[in-house]
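# Structural features, examined
Below, each chain spelled out in residue letters.
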Amino acid sequence: MNSMIHRDSKFSIAFEQTKDKLFHHSNAFMYLFILHLIGYLFAFNSGISGFGSGDFLQFSYRSFSTTPLYVMTIFWMIFQGSSLAEEKNRQYYMVSNNFTAYFSDIAVLEIFALIGGVLTLFSGFFMQVYGTLFMENFVLHSVYGSMGVLHYLTLFITGTLYFLIFGTAAYFVGILRVRYKSRFILVAFVAAILLIVAGLLAVRVFGDSALFNIESLFRFYLDERSFFIWLIKVLLTIAGLYTVSYFGIKNMEVNR
Amino acid sequence: MIRCEELTKYFNGTRALDNCSFEITEPTLTGVIGVNGAGKTTLFKSLAGFLKPTKGQAFVLEEPTFQNITVAQNVMLIEEGMSFYSSANLKELVDSYSRFYQNFDLKLAMGLLKYFNLNENAKYDDLSKGMASTFRLILALSARAPITLLDEPTTGMDPGVRKDLYEIILKDYIKAPRIILISSHYLGEMEQILEDILFIHEGKVLKHGPLEEFETLLIALQASPAVIEPLEEQLRVYEAKDFGEGLRKIVVDKKEFEELQLSMKLSDRLTIQGISPEDSFVHLTRRKGGGIDELYDS
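Predicted model only: the values in this text are computed from it and were never measured.

### Some remarks on the interface of chain A and chain B
Tallying the contact residues gives 35 residues for chain A and 44 residues for chain B. For the pair chain A and chain B, the two sides together bury roughly 3,700 Å², of which 54% comes from carbon and sulfur. Counting the contacts that link chain A with chain B gives three salt bridges. Its salt-bridge partner being Arg99 of chain B, residue Asp20 of chain A comes within 3.0 Å of it at the nearest N-O pair. Summed over the shared surface of chain A and chain B, the number is 18 residue pairs in polar contact (both at pLDDT 80 or more). For the side of chain A that touches chain B, the elements supplying multiple residues, two or more each, are helix 1 (10-24), helix 4 (88-92) and helix 5 (98-121) of chain A. It is helix 1 of chain A that provides the largest number of residues to the side of chain A that touches chain B, a total of eight residues.

In structure tokens form, the structure reads like this:
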């Protein structure tokens with residue numbers, strides 16, 4: 001046989017796939033840039049404006065928030081997570097198995113989350129620059145004056161990890177959609193009904209202590225005062241999402 | 001190199017492959033023949049490791065195929081349903097494939113793109129059906145994978161291009177001998193390049209062997225009805241036709257006919273004709289009963 005047989009490791013294939021996916025998903029960075037521009041538009045206009053006037057003086061003021069930029073980056077991560085999960089077909093024809101596909105998808109999501117984290121970290125500086133360019137008086141909140149390197153590092157880590165959670169969650173849902181196709185909607189519907197019924201029963205039996213809603217889910221992370229406990233919570237969440245995603249893709253067939 | 005042991009695959013209760021067993025150990029150009037829904041694509045996808053067998057097993061390089069990374073590196077499968085990154089042009093797709101298939105002949109791929117007038121800056125999704133098929137075949141041949149699976153590689157191509165491509169497949173195979181499996185409905189066109197035939201019908205492997213065996217599978221017997229009718233009672237008849245008064249033709253299994261050991265006298269009154277592999281394929285896969293005439297005449 002003239003054609004040589006190759007037996008490269010799963011990890012070297014996954015590494016090649018990560019590079020290939022980053023190349024073919026380079027448009028994703030353009031989408032992030034556009035979403036951030038929209039985010040800045042909201043950031044500058046969503047703040048509550050005040051207005052004062054007198055015989056000699058008229059002024060308006062508004063406060064700016066970086067929240068829209070975080071929201072836009074989360075949207076972007078959800079979109080990327082879903083598209084990575086749902087475009088499985090094209091990669092299996094080009095040397096792949098479920099393990100390498102999963103491994104490279106996760107690596108790409110992590111890189112995307114890092115880029116999202118870096119961009120949002122600099123959003124405060126960008127807003128300051130834009131602010132001084134377009135406003136007559138631009139005053140930075142006093143809290144920014146007392147921020148040190150550790151604060152910025154914390155801001156970066158929290159942003160990156162939150163983005164990763166959303167991206168991985170979207171990836172997990174995408175994998176289930178790809179795997180179970182039309183049955184996914186049915187199962188999701190049944191699961192939602194079961195959850196609602198279980199929740200109602202739990203509240204009836206155990207009272208308000210069993211009350212659980214999306215707000216309390218967010219508070220579980222956002223209200224945590226200790227950085228290390230927060231870090232453990234977030235890392236465990238990511239590890240959980242990685243695990244369920246892996247079991248979602250494991251033994252999945254490639255069939256359109 | 002390739003082995004299937006009682007390979008069976010069900011999709012939602014529908015049997016796509018039924019106890020398929022065969023083996024290919026040497027480089028060969030094998031035609032996988034079968035009607036639509038016979039199980040050809042399922043077989044290819046099982047060999048490529050895309051599908052998990054319901055029962056039995058498929059082996060490539062002595063390893064079970066399902067989700068096996070060694071198998072993935074050494075098997076190249078192309079089919080109409082495969083998709084590519086929509087943002088990438090043909091050159092970028094060729095580059096991507098060349099990074100994953102280590103035997104990939106980049107020079108050959110670029111030469112074939114040029115030969116078939118495929119613009120390397122075009123997007124795959126913008127190609128016509130025939131051009132897309134050509135591009136997929138260029139990838140498959142250039143990959144030079146030890147096992148190359150071509151599922152309906154000439155879909156949508158005009159006859160001139162199809163002829164060209166069969167010639168290229170043959171040249172490529174001579175230059176880099178390997179196991180190449182080609183599935184197609186156009187047996188007549190590709191029989192000149194094939195060595196072996198794997199004949200699949202209703203999920204089962206009906207026959208696997210050299211093309212020559214297939215050429216002598218069925219024969220046509222022609223004679224007066226008085227001679228033919230007794231034979232019809234003794235043999236399995238694949239087709240029967242009357243040609244005016246006094247002449248009837250039947251298509252039968254050559255082996256069964258030979259087993260009858262007819263007398264010389266009777267044999268002399270029969271005209272025996274060979275049947276082409278393509279016609280044999282049509283006769284063997286024809287539906288029993290409920291023919292189109294019945295449908296229109298009822």
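### Section: the packing of helix 4 (residues 106-115) of chain B against helix 5 (residues 129-143) of chain B
Residue and element names in this part refer to chain B. Axis separation between helix 4 and helix 5 bottoms out at 9 Å; the angle between their running directions is 155°. In this view, helix 4 runs roughly antiparallel relative to helix 5, as classed from their interaxial angle. Viewed along their axes, helix 4 and helix 5 form a crossing whose handedness is right-handed. Here helix 4 contributes Leu108, Ala109, Leu112 and Leu113 to the contact with helix 5, which in turn contributes Phe135, Ile138, Leu141 and Ser142. Here the residues of the contact of helix 4 with helix 5 are counted per class, giving seven nonpolar, one polar and no charged.

### Some points on unusual backbone geometry
The phi dihedral of Val95 of chain A falls on the positive side, at around 55°, and the residue is not glycine. By secondary structure assignment, the location of Val95 of chain A is in the loop between helix 4 and helix 5. We classify Val95 of chain A as buried; its relative accessible area is 1%. The backbone of Arg144 of chain B shows a phi angle near 50°, a positive value even though the residue is not glycine. By the secondary structure assignment, Arg144 of chain B is in the loop between helix 5 and strand 7 (147-151). In this structure Arg144 of chain B comes out as buried when scored by relative accessible area, which is 13%.

### Remarks on the packing of aromatic side chains
Residues and elements named next belong to chain B. In this structure the tally under the stated criterion is 24 aromatic pairs over all chains. Aromatic side chains Tyr115 and Phe116 sit 4.9 Å apart centroid to centroid with 90° between the ring planes, which places their arrangement in the edge-to-face category. An angle of 90° between the planes, with centres 5.6 Å apart, marks the rings of Phe199 and Phe214 as edge-to-face. Of this pair, Phe199 sits in strand 9 (residues 196-201) while Phe214 is found in helix 8 (residues 211-215), placing the two residues 15 residues apart along the sequence.

### Some details on the sheet that holds strand 11 (residues 218-223) of chain B
All names here are of chain B. Strands sit in the order 12-13-11-14 across an open sheet of four strands; the sheet is antiparallel. Sheet topology places strand 12 (237-242) and strand 14 (271-274) at the edges, where each strand pairs with a single neighbour. Neighbour-to-neighbour, the strand axes of the sheet open up by a mean angle of 20°, direction not taken into account.

### Considerations on a nonpolar patch on the surface
Residues and elements named next belong to chain A. On the surface, Met30, Tyr31, Phe33, Ile34, Leu37, Ile38, Phe42 and Phe79 cluster together into a nonpolar patch covering about 780 Å² of accessible area. Ranked by residues supplied to the nonpolar patch, first place goes to helix 2 (residues 27-45) with seven residues. Inspection of the secondary structure puts Ile34 in helix 2. You can call Ile34 partly exposed: its relative accessible area is 39%.

### Quick look at the pairing of strand 10 (residues 204-210) of chain B
Residue and element names in this part refer to chain B. Relative to strand 10, strand 9 runs antiparallel, the two being bridged by six bridges. The residue of strand 10 that forms the bridge with Asp196 is Pro210. Where strand 9 folds back onto strand 10 in an antiparallel hairpin, the turn is made up of two residues, including Glu202, whose phi is positive at roughly 50°.

### A closer look at the side chain of Lys233 of chain A
Residues and elements named next belong to chain A. With respect to the helices, strands and loops of the structure, Lys233 is situated in helix 11 (residues 227-249). By relative accessible area, Lys233 is classed as buried at 17%. Within the structure, Lys233 has its side chain in polar contact with the backbone oxygen of Phe220 (distance 2.8 Å). Setting aside residues up to four positions removed in sequence, Lys233 forms contacts with Phe220, Tyr221 and Glu224.

### Re the sheet that holds strand 8 (residues 179-183) of chain B
All names here are of chain B. Strand order in this open sheet of six strands is 6-7-8-3-9-10, and the pairing throughout is mixed. At either end of the open sheet lies a strand with only one pairing partner, and these are strand 6 (75-78) and strand 10. Recorded for the sheet is a direction-independent mean angle of 15° between the axes of neighbouring strands. Along the sheet, helix 5 makes contact with strand 6 and strand 7, crossing strand 6 at roughly 170°. Seen against the sheet, helix 6 (residues 159-175) touches strand 3 (29-33), strand 7 and strand 8 and runs at an angle of roughly 140° to strand 3.

### Structural notes on the side chain of His201 of chain B
All names here are of chain B. Here His201 is to be found in strand 9. With relative accessibility at 14%, the residue His201 sits in the buried group. Ignoring sequence-local partners within four residues, the contact set of His201 consists of Val35, Ala38, Leu206, Leu284 and Thr285.

### As for the pattern of salt bridges
Residues and elements named next belong to chain B. Counted under the stated rule, the structure contains 25 salt bridges over all chains. Here Lys91 makes a salt bridge to Asp95, at a shortest N to O gap of 3.1 Å. Of this pair, Lys91 and Asp95 both sit in helix 3 (residues 90-100), four residues apart, which is roughly one turn of the helix. When the shortest N-O distance is used, the salt bridge between Glu213 and Lys207 registers 3.2 Å.

Conventions and cut-offs
Residues numbered from 1 in each chain as written. Chains lettered and ligands numbered in written order. Predicted model: local features only at pLDDT ≥ 70, side-chain atom pairs only at ≥ 80, totals over all residues. Heavy atoms only, no water. Contact = heavy atoms within 4.5 Å. Buried area = accessible area lost by both parts, 1.4 Å probe. Salt bridge = Lys/Arg side-chain N within 4 Å of Asp/Glu carboxyl O. Polar contact = N/O pair within 3.5 Å; in protein donor to acceptor, adjacent residues only side chain to side chain. Helix = DSSP H or I, 4+ residues; strand = E, 2+ residues; numbered from the N terminus. Axes fitted to C-alpha atoms, helices over the stretch in contact; angles between N-to-C directions. Parallel < 35°, antiparallel > 145°, perpendicular 65-115°, else oblique. Left-handed = near helix turned anticlockwise from the far one by under 90°. Nonpolar A, V, L, I, M, F, W, Y, C, P; charged D, E, K, R; others polar. Buried < 20%, exposed > 50% of the residue type's maximum accessible area, 1.4 Å probe, protein only. Phe/Tyr/Trp six-rings, centres within 6.5 Å; stacked < 30°, edge-to-face > 60°. Pairing = 2+ DSSP bridges. Patch = residues over 30% accessible without salt bridge, like charges linked within 9 Å, V, L, I, M, F, W, Y side chains within 5 Å. Areas by Shrake-Rupley, 256 points an atom, 1.4 Å probe, with all protein chains shown as cover.

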